[in-house]
Amino acid sequence: QVRLVESGGGLVQAGGSLRLSCAASGRTFSSSAMGWFRQAPGKEREFVTGINWNGAMTNYADSVKGRFTMSRDNAKNTVYLQMNSLKPEDTAVYYCAGNAWGTPARWTPEEFDYWGQGTQVTVSS
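These numbers were taken from a predicted model, which means no experiment stands behind them.

Participant: Can you help me understand the state of the cysteines in this one?
Facilitator: Among covalent bonds in proteins, the disulfide is the one between the sulfur atoms of two cysteines. Applying the stated rule across the entire model yields one disulfide. With a sulfur-sulfur separation of 2.1 Å, C22 is cross-linked through a disulfide to C96. Across the S-S bond linking C22 and C96, the dihedral sits near -80°, which makes this disulfide left-handed. On the criterion of sequence distance, the pair formed by C22 in strand β3 (residues 18-25) and C96 in strand β9 (residues 92-99) is long-range, its members being 74 residues apart.

Shown next, in the form of structure tokens:
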């Protein structure tokens with residue numbers, strides 16, 4: 001079983017940056033596709049970005065393209081989310097998730113097998 005632990009969330013002003021990390025334990029991490037999702041109060045959990053097992057392919061939601069960058073370091077069992085030019089509408093709990101079966105056909109929450117506990121990101125205007 002893979003365990004995910006997110007870190008790096010916090011309070012930042014609009015236009016600022018944050019870097020989230022997600023540390024994984026378990027042998028399937030290096031072969032898993034990984035994703036970042038977020039959930040704002042009163043809203044459904046939504047896809048932010050995903051990456052395939054070796055980092056060669058990334059996918060981004062339109063709302064974060066050009067501002068967010070996802071990467072992974074399989075030697076450290078960690079994925080990262082660099083968030084720049086943050087906006088108040090980016091405020092949410094951010095979750096790291098993994099798909100142990102490979103790159104999912106759809107980057108939706110239902111396609112992911114294991115999840116972290118989430119980290120709060122708050123962007124003030």
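Participant: What exactly am I supposed to notice about the sheet that holds strand β7 (residues 68-73) here?
Facilitator: By definition, the strands of a sheet pair up through backbone hydrogen bonds, in either a parallel or an antiparallel sense. Spatially, the four strands line up as an open sheet ordered β1-β3-β8-β7, and their pairing is antiparallel. Edge strands, defined here as strands with exactly one partner in the open sheet, are β1 (3-7) and β7. Mean inter-strand twist for the sheet, computed between neighbouring axes without regard to direction, equals 15°. Pairing of β1 with β3 involves five bridges; the strand directions are antiparallel. Residue pairing in the sheet places V5 in a bridge with A23 of β3.

Participant: What should I look at first to understand the environment of N99 in this one?
Facilitator: One can find N99 in strand β9. Between the C-alpha atom of N99 and that of Y114, which follows or precedes it by 15 residues, the distance is 7.0 Å. Beyond its immediate stretch of four places on either side in the chain, N99 contacts S32, A33, P104, E111, F112, D113 and Y114. One polar contact links the side chain of N99 to the main-chain amide nitrogen of W101, over a distance of 2.8 Å.

Participant: Even after reading the chapter, I still don't get the pattern of salt bridges, so can you show me in this structure?
Facilitator: Opposite charge on two side chains lets them pair, provided their charged atoms get close. The final tally for this structure, using the stated rule, is five salt bridges. Measuring nitrogen to oxygen at the nearest pair gives 2.6 Å for the salt bridge that ties R38 to E46. Linking R38 and D90 is a salt bridge whose minimum nitrogen-to-oxygen distance equals 2.9 Å. One end of the pair, R38, is in strand β4 (residues 33-39); the other, D90, is in the loop between β8 (78-83) and β9, and 52 residues separate them in sequence. In terms of burial, R38 and D90 fall into one category: buried. Each of R38, E46, R67 and D90 takes part in a single network of salt bridges with overlapping partners.

Participant: Is there a simple way to explain the nonpolar core in this structure?
Facilitator: One broad trend across soluble globular proteins is that nonpolar side chains are buried collectively. If you look at the biggest cluster of nonpolar residues, it comprises 33 residues, and the most contacted ones within it are L4, M34, W36, F68, V79, M83 and Y94. Of all elements in the fold, only β3, β4, β5 (46-51), β7, β8, β9 and β11 (119-124) reach the threshold of two or more residues within this core. Residues contacting M83, with those up to four places away along its chain left out, are G16, S17, L18, L20, R67, F68, Y94 and V121.

Participant: Just to check I follow, could you spell out the pairing of β11 for this structure?
Facilitator: As a general feature of sheets, a regular strand has side chains that alternate between the two faces. Here β11 shows a buried face lined by T119, V121 and V123 and an unburied face lined by Q120, T122 and S124. Bridge analysis of strand β2 (residues 10-13) against β11 gives four bridges, and the strand direction is parallel. Residue V12 lies in a different strand from β11, and its bridge partner there is V123.

Participant: Is there a simple way to think about unusual backbone geometry in this case?
Facilitator: What you tend to see is this: most non-glycine residues have negative phi, and most peptide bonds are trans. Its identity is not glycine, yet N77 carries a phi of approximately 55°, on the positive side. Note that N77 resides in the loop between β7 and β8. Note on N77: relative accessible area 22%, which makes it partly exposed.

Thresholds, definitions, all that
As a convention, each chain's residues are numbered from 1 in the sequence order in which they are written. For this predicted model, a pLDDT threshold of at least 70 governs which residues receive local features, and a threshold of 80 or more governs which side-chain atom pairs are given and counted, while totals over whole chains, interfaces and linings are taken from all residues. As a rule here, side-chain values come from all non-hydrogen atoms in the structure, and water together with hydrogens is ignored. In this description, a disulfide is simply a cysteine sulfur pair whose atoms lie within 2.5 Å. Helix and strand definitions here come from DSSP, where helices need a minimum of 4 consecutive H or I residues and strands a minimum of 2 consecutive E residues; each element is numbered from the N-terminal end. Strand pairing is assigned whenever DSSP detects at least two bridges linking the two strands. Simply put, an axis is a line fit to the C-alpha atoms, just over the touching stretch for a helix, and the angle between two N-to-C directions goes from 0 to 180 degrees. What makes two residues a contact is simply this: any of their non-hydrogen atoms within 4.5 Å. We define a polar contact as two N or O atoms separated by no more than 3.5 Å, with the added condition that, inside protein, one atom must be a possible hydrogen donor and the other a possible acceptor, whereas residues neighbouring each other in sequence contribute only through side-chain atom pairs. Take a side-chain nitrogen of Lys or Arg and a carboxyl oxygen of Asp or Glu: if they are within 4 Å of each other, that pair is a salt bridge. Think of it in three bands: residues with accessible area under 20% of the maximum for their type are buried, residues over 50% are exposed, and the middle band is partly exposed, with areas taken using a 1.4 Å probe on protein chains only. Put simply, a nonpolar core is a bunch of buried Ala, Val, Leu, Ile, Met, Phe, Trp, Tyr and Cys residues held in one set by side-chain atoms that sit within 4.5 Å of each other.

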